[in-house]
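One letter stands for each residue in the lines below.
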2 protein chains.
Amino acid sequence: MYESYWQKKGDETTVVIPGWQFMSYFSDATRLCWFLEPEFAKQIVRLHNVVGNAVTENRHIVVGTGSTQLFQAALYALSPCAEAEPISVVSAAPYYSSYPLITDCLKSRLYKWAGDARSFSKNGPYIELVTSPNNPDGFARRSVVNGSEGILIHDLAYYWPQYTPISSPANYDLMLFTVSKSTGHAGMRIGWALVKDEDVARKMTKYIEINTIGVSKDSQVRAAKVLKVISDNSEGPNEGDSFFEFSYRVMAKRWKQLREAVQQSGLFSVSDFPPQLCMFLNRVFEPQPAFAWIKCEGDIEDCESFLRGKKILTRGGKHFGVSPKYVRISMLDRDKNYETFVRRLSTIRS
Amino acid sequence: MYESYWQKKGDETTVVIPGWQFMSYFSDATRLCWFLEPEFAKQIVRLHNVVGNAVTENRHIVVGTGSTQLFQAALYALSPCAEAEPISVVSAAPYYSSYPLITDCLKSRLYKWAGDARSFSKNGPYIELVTSPNNPDGFARRSVVNGSEGILIHDLAYYWPQYTPISSPANYDLMLFTVSKSTGHAGMRIGWALVKDEDVARKMTKYIEINTIGVSKDSQVRAAKVLKVISDNSEGPNEGDSFFEFSYRVMAKRWKQLREAVQQSGLFSVSDFPPQLCMFLNRVFEPQPAFAWIKCEGDIEDCESFLRGKKILTRGGKHFGVSPKYVRISMLDRDKNYETFVRRLSTIRS
């Protein structure tokens, strides 16, 4: 979906990297996160200030090989060292299907997946993942566990104006972002964390040092360029042609098409979202999430299998900790594929 | 050290990446390693064939964020799933100081560091890391544990003709390589594994999917270009100006300087290595490792502290599982820094 925008932008975001540049492990040995490219750090701060979606003052920036690696770095940094038992990691269902897989991948003694945050009632410390807007269902979220020893990780991958109204700058202790959802450059494998506590930022950096000895310089350089162009165009005279205007319009159109298709079919339902004022786009609109979270109504129990039979590939609710009557579908595919999907969906009858 | 060569090569290895390219998570969805760029895979096979340092026939290639990530992917893939106890991971001392740190970082229940392979005598399955030429001491190695249930990982980061004579193509089940040691591009964070067993390659790919959802496309594209130029120049009419000729000469000069400095000082010793025929350079020479592994003779017990007092920064033997009388020093620093180091070393007296 984003490809066509960047094609239209032509050479503005092209990078040229000579063979002798960025050869070292180090980007800036004096920084806490010594493998973070200074120009990328600068553009991260600038973009958050332009969009107004996150507080960057008094935050350490840690770069990661996608926010996936940063999530693991956060678990490593936040787990108590001396505990006999692994710390519980929870998130309210439906939760991002990769969280349990990542958390339990190496059967760590530091932390373990403990499922749906809503049914979590164990005493003592725990880590709660708050994804807002949420993957898969698109709702804005707050922490739900009512414990005194909770440590929060805020995954804000989708807190950008093409997906949801930016009501105020997020101001949490540990916030994760990624270029794959903000600019569409999944292939770069670049994410960043804004971290209040210096010691946590240091431990996250340590994890990334042990895991991959830093993060691709080439992709950081490229990401810096893309973020710069987005900020430039958002502030400049061609504001109407800005990245977020373009992607907001595409998402608005796609959600309109989706709701029409759902209505035409009559077999499915999707949530309504309350409209809100976006301080960045200066406009009131309903959230238009990166995923459609669709429920099969009636007596279809396994929505994923049912839709597979109709040549629509989805991910079933079970992966997200809820009923198989739900499925998740990406709203970010190329135009042609998206058109095919809504056409197929609209013609399904019971 | 490599920087000056790539500067001299000018634009030959420059990459230009437009903003709309390599946006997807996928490189080739039909491949086992679906995030491996096809051009990079092609250049890996070509370079191994040109240099003759590894068999690539009937091997799966898995790309990683440096060979560090591939080492973890290998541990994940080779650990038995159903065991009650973690599998032991061993390597003969002196071993690469990061192996124990990486292995035990998350306190996995799948595997655990079990120290020096030479003193390992437990029954049952184990994983042995064989680094050849070895980091830190530069010697060629074979597995040392005499067990029937050993699984081997061969770390061949330094099996390139600037460091050691290439006697024959390595032909092991699981071999790790990295651009940081072969071409000098540490900042790319790119490594690759040659894997015989399909199931192991699949599980390694799965680990990298869970850990970082693939590997930077930008760095793969750049690495492909650098490998291509190395192969082109090794085969072409300007063979004398080839990358391996250049780096062989620099290493030969530096080792000569090091041995002279050691002799002048009289306080230290370095190993001699038996000369061998290099099939690639078609020349008999002694290994000239990427690290100097220096022993303080006489009654200096803590060689690292002693040298720090002389303004020489090293890594002490304890990190590598042996006596603090040993230290490791990089032989790959920039010319100026290397000259300073040998000058300082040569003037140290008891």
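All of these numbers come straight from a predicted model, not from anything done at the bench.

Observations concerning the relation of the copies chain B and chain A
Once chain B is rotated about the relating axis by 180° and shifted along it by 0.0 Å, it coincides with chain A to within an RMSD of 0.0 Å. Here the copies are linked by what is in effect a two-fold axis.

Section: a positive patch on the surface
Together, Lys-107, Arg-109 and Lys-112 of chain A together with Lys-107, Arg-109 and Lys-112 of chain B give the surface a local cluster of positive charge. Here Lys-112 of chain A is to be found in strand S4 (residues 111-116). Lys-112 of chain A sits in the partly exposed class, given a relative accessible area of 31%.

Comments concerning the sheet that holds strand S8 (residues 191-195) of chain B
All names here are of chain B. A sheet is described by the order of its strands in space; here seven strands give the open sequence S2-S8-S7-S6-S5-S3-S4, paired in mixed fashion. Sheet topology places strand S2 (60-64) and strand S4 (111-116) at the edges, where each strand pairs with a single neighbour. For this sheet, the mean angle separating the axes of adjacent strands, direction not counted, is 25°. Pairing between strand S6 (residues 150-155) and strand S7 (residues 174-178): two bridges, direction parallel. Looking at the pairing, His-154 lines up with Met-175 of S7.

Focus: the pattern of salt bridges
Residues and elements named next belong to chain A. Under the counting rule described, the total for this entry stands at 44 salt bridges over all chains. Residue Asp-241 pairs with Lys-9 through a salt bridge whose shortest N-O separation is 3.2 Å. Residue Asp-241 is found in the loop between helix H7 (217-235) and helix H8 (243-265), and its partner Lys-9 is found in the loop between helix H1 (3-8) and strand S1 (15-17); the two are separated by 232 residues along the sequence. Residue Lys-9 is classed as buried on the basis of its relative accessible area of 12%. Linking Lys-256 and Glu-260 is a salt bridge whose minimum nitrogen-to-oxygen distance equals 3.4 Å. Of the two residues, Lys-256 and Glu-260 are both situated in helix H8; the distance of four residues between them amounts to about one turn of the helix.

Topic: the pairing of strand S7 (residues 174-178) of chain A
All names here are of chain A. Within S7, five of the five residues are buried, which leaves it mostly tucked inside the rest of the structure. Sheet topology places S7 next to strand S8 (residues 191-195); five bridges connect them, and they run antiparallel. Within the sheet, the bridge partner assigned to Met-175 lies in S8 and is Leu-194.

Points about the nonpolar core
Membership of the largest hydrophobic core comes to 224 residues, with the highest contact counts inside it found for Met-204, Leu-258 and Leu-345 of chain A together with Met-204, Leu-258 and Leu-345 of chain B. Apart from the residues within four sequence positions on either side, Leu-258 of chain B is in contact with Val-270, Ala-292, Ile-294, Met-331, Tyr-338, Phe-341, Val-342 and Leu-345 of chain B.

Focus on the sheet that holds strand S14 (residues 326-330) of chain A
Across a sheet, strands are paired by hydrogen bonds formed along the backbone, either parallel or antiparallel in direction. Residue and element names in this part refer to chain A. Taken in spatial order, the four strands make up an open sheet running S9-S12-S14-S13, and their pairing is antiparallel. This sheet does not close on itself; its edge strands, each paired only once, are strand S9 (268-269) and strand S13 (315-316). Strand contacts of H8: S9 and strand S12 (291-296), with the helix running at about 10° to S12, the strand carrying the most contacts.

A closer look at the domain arrangement of chain A
Residue and element names in this part refer to chain A. On domain assignment, one finds that chain A holds domain 1 (23-235) and domain 2 (243-346). The interface of domain 1 with domain 2 comprises 26 residues on the first partner and 28 residues on the second. Taken together, both faces of the contact between domain 1 and domain 2 bury some 2400 Å²; the carbon and sulfur share is 68%. At the boundary of domain 1 with domain 2, the tally comes to zero salt bridges. Summed over the shared surface of domain 1 and domain 2, the number is six residue pairs in polar contact (both at pLDDT 80 or more). Counting residues per element, the ones that place at least two in the side of domain 1 that touches domain 2 are helix H2 (38-51) and H7. Its residues assigned to classes, the side of domain 1 that touches domain 2 shows 16 nonpolar, nine polar and one charged.

Quick look at the interface of chain B and chain A
Contacts between chain B and chain A engage 55 residues on the former and 55 residues on the latter. Here chain B packs against chain A, burying approximately 4800 Å² in sum over the two surfaces, 57% of which is carbon and sulfur. Area buried by chain B at its contact with chain A is led by Trp-20, Met-23 and Leu-106 of chain B, which between them contribute 16% of it. Taken together, the connections running from chain B to chain A amount to two salt bridges.

Comments concerning helix H7 (residues 217-235) of chain B
The periodicity of an α-helix, 3.6 residues per turn, causes residues three or four positions apart to be oriented the same way. In a regular helix each residue adds 1.5 Å, so 19 residues correspond to 27 Å; H7 of chain B covers 27 Å between its end C-alpha atoms and thus fits that length. The opening residue of H7 of chain B is Ser-216 of chain B, an N-cap whose side-chain oxygen sits 3.3 Å from the backbone nitrogen of Asp-218 of chain B.

Here's the deal with the state of the cysteines
What we call a disulfide is simply a covalent bond connecting the sulfur atoms of a pair of cysteines. Going through the model one piece at a time under the given rule, you end up with two disulfides over all chains. Disulfide partner of Cys-296 of chain A: Cys-303 of chain A, at an S-S distance of 2.3 Å. Between Cys-296 of chain A and Cys-303 of chain A, the S-S dihedral sits near 65°, and the bridge is therefore right-handed. The two residues Cys-296 of chain A and Cys-303 of chain A agree in class, both being buried. With no disulfide partner, Cys-33 of chain B has as its closest neighbouring cysteine sulfur the one in Cys-105 of chain A, 16 Å distant. For Cys-33 of chain B, a relative accessible area of 2% corresponds to the buried category.

Some thoughts on the packing of helix H3 (residues 66-78) of chain A against helix H6 (residues 198-212) of chain A
All names here are of chain A. Direction vectors running N to C along H3 and H6 enclose 120°, while the axes themselves pass 8 Å from each other. In this view, H3 runs oblique relative to H6, as classed from their interaxial angle. Between H3 and H6 lies a crossing whose hand is right-handed. On H6, the residues touching Gln-69, Leu-70, Gln-72, Ala-73, Ala-74, Tyr-76, Ala-77 and Leu-78 of H3 are Val-200, Lys-203, Met-204, Lys-206, Tyr-207, Ile-208, Ile-210, Asn-211 and Thr-212. Of the residues assigned to the contact of H3 with H6, the class counts are eleven nonpolar, four polar and two charged.

Rules used throughout
Residues numbered from 1 in each chain as written. Chains lettered and ligands numbered in written order. Predicted model: local features only at pLDDT ≥ 70, side-chain atom pairs only at ≥ 80, totals over all residues. Heavy atoms only, no water. Least-squares fit on C-alpha atoms with pLDDT ≥ 70 in both. Patch = residues over 30% accessible without salt bridge, like charges linked within 9 Å, V, L, I, M, F, W, Y side chains within 5 Å. Areas by Shrake-Rupley, 256 points an atom, 1.4 Å probe, with all protein chains shown as cover. Salt bridge = Lys/Arg side-chain N within 4 Å of Asp/Glu carboxyl O. Lys, Arg positive; Asp, Glu negative; His and termini not counted. Charge placed at Lys NZ, Arg CZ, Asp CG, Glu CD. Helix = DSSP H or I, 4+ residues; strand = E, 2+ residues; numbered from the N terminus. Buried < 20%, exposed > 50% of the residue type's maximum accessible area, 1.4 Å probe, protein only. Pairing = 2+ DSSP bridges. Axes fitted to C-alpha atoms, helices over the stretch in contact; angles between N-to-C directions. Core = buried A, V, L, I, M, F, W, Y, C linked by side-chain atoms within 4.5 Å. Contact = heavy atoms within 4.5 Å. Domains from an automatic or database assignment. Buried area = accessible area lost by both parts, 1.4 Å probe. Polar contact = N/O pair within 3.5 Å; in protein donor to acceptor, adjacent residues only side chain to side chain. Nonpolar A, V, L, I, M, F, W, Y, C, P; charged D, E, K, R; others polar. Expected span 1.5 Å × (residues − 1). Disulfide = S-S within 2.5 Å. Parallel < 35°, antiparallel > 145°, perpendicular 65-115°, else oblique. Left-handed = near helix turned anticlockwise from the far one by under 90°.

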